[in-house]
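# Close look at the chain arrangement
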Amino acid sequence: GVHSTPEASAQLLALLRGGVGEQQQAPLPLRPFSSEAELRRAVEGTLALDIRSPLQRERHPNPGGSAQQPFFVGDLWFHELHVTYGLLPRVVDAAAGAPAAVRIDRVEPRPTAATAAAPAAAEP
């Protein structure tokens, strides 16, 4: 299954609703999705697939067991989002399905050309 940390859930909600407190910003557009729930389901559905390359699968095999530390950390660029996730090992029953649990650890806005080209603030 796919689950989000409380921090990642709060980050996604803030991005979709325009920030919180001093972090006010324009909400990220949902289009072509019809709702926040539909976008969340699309992200989770994508991460439920093992989207790693064959080389990544070879270098980071699922060790099995039920450890809380991810055996693989990756990122997904999806819609207007940059999602950082970890694959957590779980005991695999050949008939059960997915070989790993997916934990969404961080959700950030996808950088735009304007933000990527903006100069970094100089420190005093």
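Okay, so let's go over this structure. None of the values given here were measured: they were computed from a predicted structure.

### Quick notes on the pairing of strand E3 (residues 81-89)
Across the 9 residues of E3, 9 count as buried, placing the element largely inside the fold. Burial of the side chains of E3 extends over both faces: Leu 81, Val 83, Tyr 85, Leu 87 and Pro 89 are buried on one face and His 82, Thr 84, Gly 86 and Leu 88 on the other. As paired elements, strand E2 (residues 72-78) and E3 share 7 bridges and run antiparallel to each other. Within the sheet, the bridge partner assigned to Asp 75 lies in E3 and is Thr 84. The loop that links E2 with its antiparallel partner E3 comprises 2 residues; one of these, His 79, has a positive phi angle of about 55°. By the bridge criterion, 9 bridges tie E3 to strand E4 (residues 100-109) in an arrangement that is antiparallel.

### A closer look at the sheet that holds E3
Spatially, E1-E4-E3-E2 is the arrangement adopted by the 4 strands of the open sheet, whose pairing is mixed. Of all strands in the sheet, those with a lone pairing partner are strand E1 (2-4) and E2, marking the two edges. Neighbouring strand axes in the sheet, compared pairwise and without regard to direction, differ in orientation by 30° on average. Running over the sheet, helix H1 (residues 6-17) touches E1, E3 and E4 and is turned about 40° from E4. Across the face of the sheet, helix H2 (residues 36-48) comes into contact with E1, E2, E3 and E4 while running at roughly 135° to E2.

### Structural notes on the side chain of Arg 103
Here Arg 103 lies in strand E4. Here the side chain of Arg 103 touches Gln 68 through a polar contact of 3.4 Å, landing on its backbone oxygen. Among residues more than four places away in sequence, those in contact with Arg 103 are His 3, Thr 5, Gln 68, Pro 70, Thr 84, Tyr 85, Gly 86 and Leu 88.

### Quick word on the packing of aromatic side chains
All chains considered together, the criterion is met by 2 aromatic pairs. With centroids separated by 6.3 Å and ring planes inclined at 50°, the aromatic side chains of Phe 72 and Tyr 85 adopt a geometry described as tilted. Within this pair, whereas Phe 72 is found in strand E2, its partner Tyr 85 is found in strand E3, the two being separated by 13 residues in sequence. Residue classification places Phe 72 among the buried residues on the basis of a relative accessible area of 7%. Here Arg 52 stacks its cationic end above the ring of Phe 72, 5.3 Å away from the centre of that ring.

Analysis parameters
- Residue numbers restart at each chain and count upward from 1, following the sequence in its written direction.
- Confidence filtering applies because this is a predicted model: local features only for residues at pLDDT of at least 70, side-chain atom pairs given and counted only at 80 or more, and all residues used for totals across whole chains, interfaces and linings.
- Only hydrogens and water are removed before side-chain values are computed, so all heavy atoms of the structure are retained for them.
- The buried label applies to any residue whose accessible area, calculated with a 1.4 Å probe on protein chains only, is under 20% of its type's maximum; exposed applies above 50%, and partly exposed to all values in between.
- Counting from the N terminus, the helices are the DSSP runs of H or I reaching at least four residues and the strands are the DSSP runs of E reaching at least two.
- Think of it this way: DSSP has to see at least two bridges between two strands before they count as a pair.
- To obtain an axis, a line is fitted to C-alpha atoms, over the contacting stretch when the element is a helix, and the angle between two such axes runs from 0 to 180 degrees between their N-to-C directions.
- Residues are treated as being in contact if the distance between any of their heavy atoms lies within 4.5 Å.
- N or O atoms within 3.5 Å of each other form a polar contact, as long as, within protein, one can give a hydrogen and the other can take it, and as long as residues adjacent in sequence are counted only when both atoms are side-chain atoms.
- Within 6.5 Å between ring centres, the rings of Phe, Tyr and Trp (the latter by its six-membered ring) count as paired, and their orientation is classed by plane angle as stacked under 30 degrees, edge-to-face over 60, tilted in between.
- Remark: a charge is flagged as sitting over a ring if the NZ atom of Lys or the CZ atom of Arg is within 6 Å of the ring centre and within 35 degrees of the ring normal.

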